[in-house]
Every structure is written in C-alpha cells, then in structure tokens.
Amino acid sequence: GQNIDQPTEMTATEGAIVQINCTYQTSGFNGLFWYQQHAGEAPTFLSYNVLDGLEEKGRFSSFLSRSKGYSYLLLKELQMKDSASYLCAVRGWDNNDMRFGAGTRLTVKP
Amino acid sequence: NAGVTQTPKFQVLKTGQSMTLQCAQDMNHEYMSWYRQDPGMGLRLIHYSVGAGITDQGEVPNGYNVSRSTTEDFPLRLLSAAPSQTSVYFCASSLGQGTDTQYFGPGTRLTVL
C-alpha cells in the first residue's frame, strides 16, 4: 500500500515563490504526479517525475528524490489564479495502485 | 474534442435508490477510471478499465458496478445508494495506464439522504 502526506494549507503572497512538499511511503513506485484543482473543478495535470531530479515547466517545477520518498512542487512568480489545491499522487506497479494525497490548499494574497 | 464529459453535474438520491453516473471520452483513450473525492481525503479509485470489455476493482469498489461495452463510455452504477456514498465523483481517462497523464471530467456531486 501507499501513504501520501502533504500539508493541508499554505498561504503565500502574489509574486513570491512557494514550495509544496509531498512525502510518500510505497511498496512499489512507478512515478509521481502533481495536479492542480481549483475549487469546484476537476484536477488538471501539472507535472510527472519518475527519475530523481528537477523537472521545470514554466513557472512550475517539480522535484523528486526516490531514496527519500520525497517530492516538492515549486511555484514561482505567484499569481492570484494560482490559488487552488495541489494534489500529489503516486503510482505503484499495479494498474489499480494510484494513490492521491489529500491535497494542499494554497491561498495567494495580494 | 470535448475531452471527458460527465452527467449529471448534481444529483440527490434517497437511501436505497439506484442510479447511473455517465462518463464519456472522445480521445480514443484505452484506460478509464472512476474516483471519489471526500473532504480531507485524497481521490480514491473505485473501478478502472484498461479497455473495452475489461474492468477491475480499485481501492473502494463496494456498492458500485461498472461496465465498458465501448471505448468511449464507462458508466458507474450505484446499486442501492447509502449516505456514505455522498461524495464528488470524477471520471478520468488516459491513453494507457502506467505513466500516462490522466484527464479528468468535471465531476458529479452526489448527495444521498
């Protein structure tokens, strides 16, 4: 089985940088995903890591350390529209083994 | 492309009633899945399908049935609704399983009284 932990809530200021952490315990690992979910909407894909290191995509970057069971999502130059929940998800080896964290609700203030 | 569509958007049921949540995708994706999302909990996998005619259970399958007669459609049936099934239900699809990105539908908010 898998256990995914991430902070429940975070607050940051417009224009700043914020890092959202995710730790996981897994019996098998086949990739880590980050999704963004605005209130009342569907999750949308942000990033995918399967190897150690940093993946950069515009203002968003995601880092993975498999040996530490740790990932973070880095959001730069925060905008008000970045206020949303950010979901960390880990896929195991089996088709039915996709586990999501409870999500981190980020509030961006002016 | 419409992507992943779900109907209805909202539904209220009484305990014991049955209903079907519809999900369709027009991206020719083989892999489709159903999740439920409850406050304070992550999305939990209910059932999934790796292709037409093939379905399997996820983490929380009890009380739900699925079928996959076509590549496009993957309905979720609640056999006898219970208040514990009050939740937001998301359907998702991807080209394959494994590392492929999942695309989510807009969700169905279900309340069981």
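Everything below is about the structure shown above.
The sections below set out a description of the structure shown in this document. (Residues numbered from 1 in each chain as written. Chains lettered and ligands numbered in written order. Predicted model: local features only at pLDDT ≥ 70, side-chain atom pairs only at ≥ 80, totals over all residues. Heavy atoms only, no water.)

The interface of chain B with chain A comprises 23 residues on the first partner and 18 residues on the second. Buried area between chain B and chain A, summed over both chains or domains, comes out near 1,700 Å², and the portion from carbon and sulfur atoms is 54%. Counting the contacts that link chain B with chain A gives one salt bridge. Between Glu59 of chain B and Arg99 of chain A there is a salt bridge; the shortest N-O distance is 3.7 Å. Looking at the side of chain B that touches chain A, the elements that each hand over two or more residues are β4 (31–37) and β5 (44–51) of chain B. Looking at side-chain class alone, the side of chain B that touches chain A contains 10 nonpolar, 11 polar and two charged residues. (Contact = heavy atoms within 4.5 Å. Buried area = accessible area lost by both parts, 1.4 Å probe. Salt bridge = Lys/Arg side-chain N within 4 Å of Asp/Glu carboxyl O. Helix = DSSP H or I, 4+ residues; strand = E, 2+ residues; numbered from the N terminus. Nonpolar A, V, L, I, M, F, W, Y, C, P; charged D, E, K, R; others polar.)

Turning our eyes to something else, we now look at the nonpolar core. With 21 residues, the main nonpolar core has Leu32, Trp34, Leu75, Tyr86 and Leu106 of chain A as its most contacted residues. Taken together, the elements giving at least two residues each to this core come down to β3 (18–26), β4 (32–37), β7 (60–65), β8 (70–75), β9 (84–91) and β11 (104–109) of chain A. Every residue in contact with Tyr86 of chain A, bar those within four places of it in the chain, is listed here: Gln6, Ile20, Trp34, Tyr35, Gln36, Leu46, Phe60, Leu73, Leu75, Gly103, Thr104 and Leu106 of chain A. Within the second largest apolar cluster, 19 residues are counted, among which are Met19, Ile46, Tyr64 and Leu78 of chain B. (Core = buried A, V, L, I, M, F, W, Y, C linked by side-chain atoms within 4.5 Å. Buried < 20%, exposed > 50% of the residue type's maximum accessible area, 1.4 Å probe, protein only.)

Here we come to the pattern of salt bridges. Applying the stated criterion across every chain, the model contains seven salt bridges over all chains. Measuring nitrogen to oxygen at the nearest pair gives 3.6 Å for the salt bridge that ties Glu56 of chain A to Lys76 of chain A. Taken together, the residues Glu56 of chain A in strand β6 (residues 53–57) and Lys76 of chain A in the loop between β8 and β9 connect sequence positions 20 residues apart. Relative accessible area serves as the criterion here: at 27%, Lys76 of chain A is assigned to the partly exposed category. For Asp38 of chain B, the salt bridge identified is with Arg44 of chain B, shortest N-O distance 2.8 Å. Asp38 of chain B gets classed as buried once you look at its relative accessible area, which sits at 10%. Several salt bridges converge on common partners, so that one network encompasses Arg36, Asp38 and Arg44 of chain B.

Before going further, it helps to examine the pairing of β9 of chain A. Residue and element names in this part refer to chain A. Taken across its eight residues, β9 has eight buried, putting it largely inside the fold. The alternating pattern of β9 places Ala84, Tyr86, Cys88 and Val90 on one face and Ser85, Leu87, Ala89 and Arg91 on the opposite face, and all of these are buried. Bridging between β4 and β9 involves six bridges; their strand directions are antiparallel. From the neighbouring strand, Leu32 faces β9, where its bridge partner is Val90. Looking at chain direction, β9 and β11 are connected through three bridges and run antiparallel. Within β11, the position partnered with Tyr86 by the bridge is Thr104. (Pairing = 2+ DSSP bridges.)

Before going further, it helps to spend a moment on the environment of Met98 of chain A. Turning to its location among the elements, Met98 of chain A is positioned in strand β10 (residues 98–100). Aside from chain neighbours lying at most four places away, what touches Met98 of chain A is Phe33, Ala89, Val90 and Arg91 of chain A together with Tyr35 and Gln102 of chain B.

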